[in-house]
Amino acid sequence: MKTANYKVKIGIVGCGAIGSGIAKYIEKNLNKDCKVTGIFDIDIRQARALQAKLKRKGIVKKDVTTLIKHCDCMIEAINSTTTKKIIKQAIEAKKTVLAMSVGKLLNSRNLFKLARENKCYILLPSGAIAGVDAIKAASLKKIKKITLTTRKPPQGLKGNPYFEKQGIDLDKIKKETVVFEGDVASAVKNFPQNINVAATIALASEAKNFKVKIMTSPHYKGNTHEVEMEGDFGRMTTRTDNIACPDNPKSSYLAVLSGIQTLKQYCTGILIGT
Ligand SMILES: NC(=O)c1ccc[n+]([C@@H]2O[C@H](COP(=O)([O-])OP(=O)(O)OC[C@H]3O[C@@H](n4cnc5c(N)ncnc54)[C@H](O)[C@@H]3O)[C@@H](O)[C@H]2O)c1
């Protein structure tokens, strides 16, 4: 039985921009409610670099299995083809998972079912968008239309094989250009590291008619996400002008803050919003 003073044990997989940001915040601001008991990165230098910035020592784990064993809640913040497998491993061990790579969890009914059976949570932060609270509520009735328009500067989109396949040279784009329009499955497949927010909207809305548009321009300063929704509840438009993470231009700073807030709500037991 956990006492009132119990601190939730957090294991962090992935010590990049998001994993490190969350770990440092926990030590500084959430230390009454939780503690980082394990960190792991496939690149040991990343894990050691994060360890050097934390007060709590001896927490670099040799593998994911050991990390899972020593935590109550695993934070997933990796860019990997094995993401879903790692999340499943934690759920099988009856551990709650806070997953940042939401795009990897589309079509994961079986995993969600397993979490329900194992009485653990899968926590999916809103990420770098506003309006997920309203989308969840609106989804209880009919959503007639829902779209996401994402605007990112070319450097934030680089590295996606999609552009080569389509013959698009991002360096040659001089004005605002639509580079992708389609459904969420195709968006997530073609932009695995860029469009987690699309997956979050898809899971929150369960809308079949959800459309995604991606635009770029060398004149954009940061990542902007615009959500438009119309349904039985009325109409909603949200626009988030994000500042990129200093350590990773592909991730928005709000995504780190959103991950931290989700963790805080889980550890303190106070859930605000829908
Ligand atoms: N939900 C959202 O709104 C949102 C927003 C931004 C980023 N993300 C996602 O969060 C994830 C992390 O983002 P980031 O900015 O911290 O990325 P990052 O590139 O800064 O860090 C990722 C880290 O994961 C490590 N890694 C890769 N494969 C691994 C594995 N199999 N096991 C352990 N470590 C592994 C890398 O070495 C790296 O240190 C990405 O998948 C990204 O797509 C989600």
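Right above here is the structure, for reference.
Everything numeric in this text was worked out from a predicted model, so none of it was measured.

### Topic: the overall build of the protein chain
- Helix and strand counts for the protein chain come out as eleven helices and twelve strands.
- Expected size for 274 residues packed as a compact globule is a radius of gyration near 19 Å; at 19 Å, the protein chain falls within 12% of this value.
- Along the first, second and third principal axes, the C-alpha atoms of the protein chain reach 55 × 45 × 30 Å.
- Residues counted as buried form 51% of the 274 residues belonging to the protein chain.
- Residue pairs at least 24 apart in sequence account for 71% of intrachain contacts in the protein chain once pairs closer than 6 positions are excluded.

### As for the sheet that holds strand S4 (residues 96–99)
- Strand order in the open sheet formed by five strands is S2-S1-S3-S4-S5, and the pairing between neighbours is parallel. Both edges of this open sheet fall to strand S2 (34–40) and strand S5 (122–123), since each of them pairs with a single strand only.

### Some thoughts on a nonpolar patch on the surface
- Residues Ile 243, Tyr 253, Leu 254 and Leu 257 make up a contiguous nonpolar surface patch of about 370 Å² in total accessible area.
- For Ile 243, the location among the structural elements is in the loop between strand S10 (234–242) and strand S11 (244–245).
- Exposure remark for Ile 243: the relative accessible area of 65% places this residue in the exposed category.

### Digging into helix H5 (residues 109–117)
- Taken residue by residue, H5 has Leu 111, Leu 114 and Ala 115 as its buried positions. One side of H5 carries all its buried residues, which in axial view fall inside an arc of 100°. Of the residues in H5, the exposed ones pointing more than 90 degrees away from the buried face are Arg 109, Asn 110 and Arg 116.
- Buried residues in H5 make contact with helix H4 (83–92) and S5.

### Points about the nonpolar core
- Grouped together as the largest cluster of nonpolar side chains are 35 residues, with contacts concentrated most on Leu 148, Ile 195, Phe 210 and Val 212.
- Of all the secondary-structure elements, those providing two or more residues to this core are helix H6 (132–138), strand S6 (143–152), helix H8 (161–166), strand S7 (177–182), helix H9 (184–190), helix H10 (196–205), strand S8 (210–216) and strand S9 (223–231).
- Ile 195 has contacts with Leu 148, Thr 150, Ala 187, Val 188, Val 212 and Ile 214, leaving out every residue within four places of it along the chain.
- Core analysis: the second largest hydrophobic core is formed by 29 residues, Ile 12, Ile 39, Leu 98 and Met 100 among them.

### Some thoughts on the packing of aromatic side chains
- One pass over the full model with this rule turns up six aromatic pairs.
- Judged by centre distance (5.4 Å) and plane angle (80°), the ring pair of Tyr 162 and Phe 163 falls under edge-to-face.
- Measuring from ring centre to ring centre gives 4.8 Å for Tyr 162 and Phe 191, while their planes differ by 50°; the resulting arrangement is tilted. Here the residue Tyr 162 occupies a position in helix H8, and Phe 191 occupies one in the loop between H9 and H10, the gap between them amounting to 29 residues.
- Judged by relative accessible area, Phe 191 falls into the buried class, the value being 0%.
- Three or more aromatic residues link up through ring pairs in this structure, and these residues are Tyr 162, Phe 163, Phe 180 and Phe 191.

### Side note on the environment of Lys 119
- Here Lys 119 shows up in the loop between H5 and S5.
- Residue Lys 119 is classed as exposed on the basis of its relative accessible area, which comes to 74%.

### Some remarks on the site of the ligand
- In the vicinity of the ligand lie 26 residues, with Ile 18, Asp 41, Ile 78, Ser 101 and Ser 251 positioned nearest.
- Within the backbone of Ile 42, one N or O atom sits 3.1 Å away from a nitrogen atom of the ligand.
- Within the backbone of Ile 78, an N or O atom sits 2.8 Å from an oxygen atom of the ligand.
- Taken by itself the ligand offers 870 Å² of open surface, and the protein chains cover 90% of this.

### As for the packing of H4 against H5
- Contact geometry for H4 and H5: axes closest at 9 Å, N-to-C directions at 20°. If you check the angle between H4 and H5, you find them roughly parallel. Judged by the sense of rotation from one axis to the other, the crossing of H4 with H5 is left-handed. Contacts from Lys 84, Ile 87, Lys 88, Ile 91 and Glu 92 of H4 reach H5 at Leu 111, Leu 114 and Ala 115.
- For the contact of H4 with H5, a count of residues per class yields five nonpolar, no polar and three charged.

What counts, and at which threshold
- Residues numbered from 1 in each chain as written.
- Predicted model: local features only at pLDDT ≥ 70, side-chain atom pairs only at ≥ 80, totals over all residues.
- Heavy atoms only, no water.
- Helix = DSSP H or I, 4+ residues; strand = E, 2+ residues; numbered from the N terminus.
- Rg over C-alpha atoms; globule rule 2.2 N^0.38 Å.
- Buried < 20%, exposed > 50% of the residue type's maximum accessible area, 1.4 Å probe, protein only.
- Contact = heavy atoms within 4.5 Å.
- Pairing = 2+ DSSP bridges.
- Patch = residues over 30% accessible without salt bridge, like charges linked within 9 Å, V, L, I, M, F, W, Y side chains within 5 Å.
- Areas by Shrake-Rupley, 256 points an atom, 1.4 Å probe, with all protein chains shown as cover.
- Salt bridge = Lys/Arg side-chain N within 4 Å of Asp/Glu carboxyl O.
- Arc of directions from axis to C-beta.
- Core = buried A, V, L, I, M, F, W, Y, C linked by side-chain atoms within 4.5 Å.
- Phe/Tyr/Trp six-rings, centres within 6.5 Å; stacked < 30°, edge-to-face > 60°.
- Near = heavy atom within 4 Å.
- Polar contact = N/O pair within 3.5 Å; in protein donor to acceptor, adjacent residues only side chain to side chain.
- Axes fitted to C-alpha atoms, helices over the stretch in contact; angles between N-to-C directions.
- Parallel < 35°, antiparallel > 145°, perpendicular 65-115°, else oblique.
- Left-handed = near helix turned anticlockwise from the far one by under 90°.
- Nonpolar A, V, L, I, M, F, W, Y, C, P; charged D, E, K, R; others polar.

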